[in-house]
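Descriptive structure summary
Chain residues, written in single-letter form:
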Amino acid sequence: PKMEVSCGLSCGVVMYREDMTQHLSKDCGLVEETCTLGCEVRLPRQELSSHLRDKCELRVLTCEHCKEEFTSRDLCGHEEKCPKMEVSCELKCGVVMCREKMTHHLKQDCGLVKESCKLGC
């Protein structure tokens, strides 16, 4: 007679003893696995898809400003200098434009830039 057993990890599944290996290798959500993106986090199989989608620092995300791809951990640093990200004029004139055009704005267009007197005052 076939003998029924419960999963050794207490996931609640009852199976025939000969099915235990299959259950643990493929089906049991409580078996710990290592992240497949390489961050080396170990977590229960049932949490892996959420980790890969929402939490892994090595998941690839797209910068919403320039559309380049970065790992999650690198995206924040990139956004601090992304040339396509909109920024406010550092002199607070009220202009908002992409970062790559700000230097020109400060040199040519911003009405709050103080120019030195051409007469040497």
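Structure: see above.
We now turn to the structure provided with this report. (Residues numbered from 1 in each chain as written. Predicted model: local features only at pLDDT ≥ 70, side-chain atom pairs only at ≥ 80, totals over all residues. Heavy atoms only, no water.)

**Some thoughts on a nonpolar patch on the surface**
A contiguous nonpolar patch, built from Leu-91, Leu-112 and Val-113 and spanning about 210 Å² of accessible area, is present on the exposed surface. For Val-113, the position within the fold is in the segment after α4 (99-109). Note on Val-113: relative accessible area 30%, which makes it partly exposed. (Patch = residues over 30% accessible without salt bridge, like charges linked within 9 Å, V, L, I, M, F, W, Y side chains within 5 Å. Areas by Shrake-Rupley, 256 points an atom, 1.4 Å probe, with all protein chains shown as cover. Salt bridge = Lys/Arg side-chain N within 4 Å of Asp/Glu carboxyl O. Helix = DSSP H or I, 4+ residues; strand = E, 2+ residues; numbered from the N terminus. Buried < 20%, exposed > 50% of the residue type's maximum accessible area, 1.4 Å probe, protein only.)

**Re helix α2 (residues 45-55)**
Within α2 the residues assigned to the buried category are Arg-45, Leu-48, Ser-50 and His-51. Taken together, the buried residues of α2 touch α1 (20-27), β3 (32-34) and β4 (42-44). (Contact = heavy atoms within 4.5 Å.)

**Digging into the side chain of His-51**
With respect to the secondary-structure elements, His-51 resides in helix α2. Residue classification places His-51 among the buried positions, given a relative accessible area of 8%.

**Remarks on the nonpolar core**
Considering soluble globular proteins, one finds that nonpolar side chains tend to be buried as a cluster. Val-5, Cys-7, Met-15, Met-20, Cys-28 and Val-31 form the largest nonpolar core, which has six residues in total. Excluding residues within four positions of it along the chain, Val-31 makes contact with Leu-9, Leu-24, Leu-43, Pro-44 and Arg-45. (Core = buried A, V, L, I, M, F, W, Y, C linked by side-chain atoms within 4.5 Å.)

**Re the packing of aromatic side chains**
Per the stated rule, a full pass over the model turns up zero aromatic pairs. Directly above the ring of Tyr-16 sits Lys-2, whose terminal nitrogen or CZ lies 5.0 Å from the centroid. (Phe/Tyr/Trp six-rings, centres within 6.5 Å; stacked < 30°, edge-to-face > 60°. Lys NZ or Arg CZ within 6 Å of the ring centre and 35° of its normal.)

**A word on unusual backbone geometry**
Only a minority of non-glycine residues have a phi that is not negative, and only a minority of peptide bonds are not trans. Backbone geometry at Glu-40 places phi at a positive 75 degrees, although glycine is not the residue there. The topology assignment puts Glu-40 in the loop between β3 and β4. Taking the relative accessible area as the measure of exposure, Glu-40 reaches 66% and is therefore exposed.

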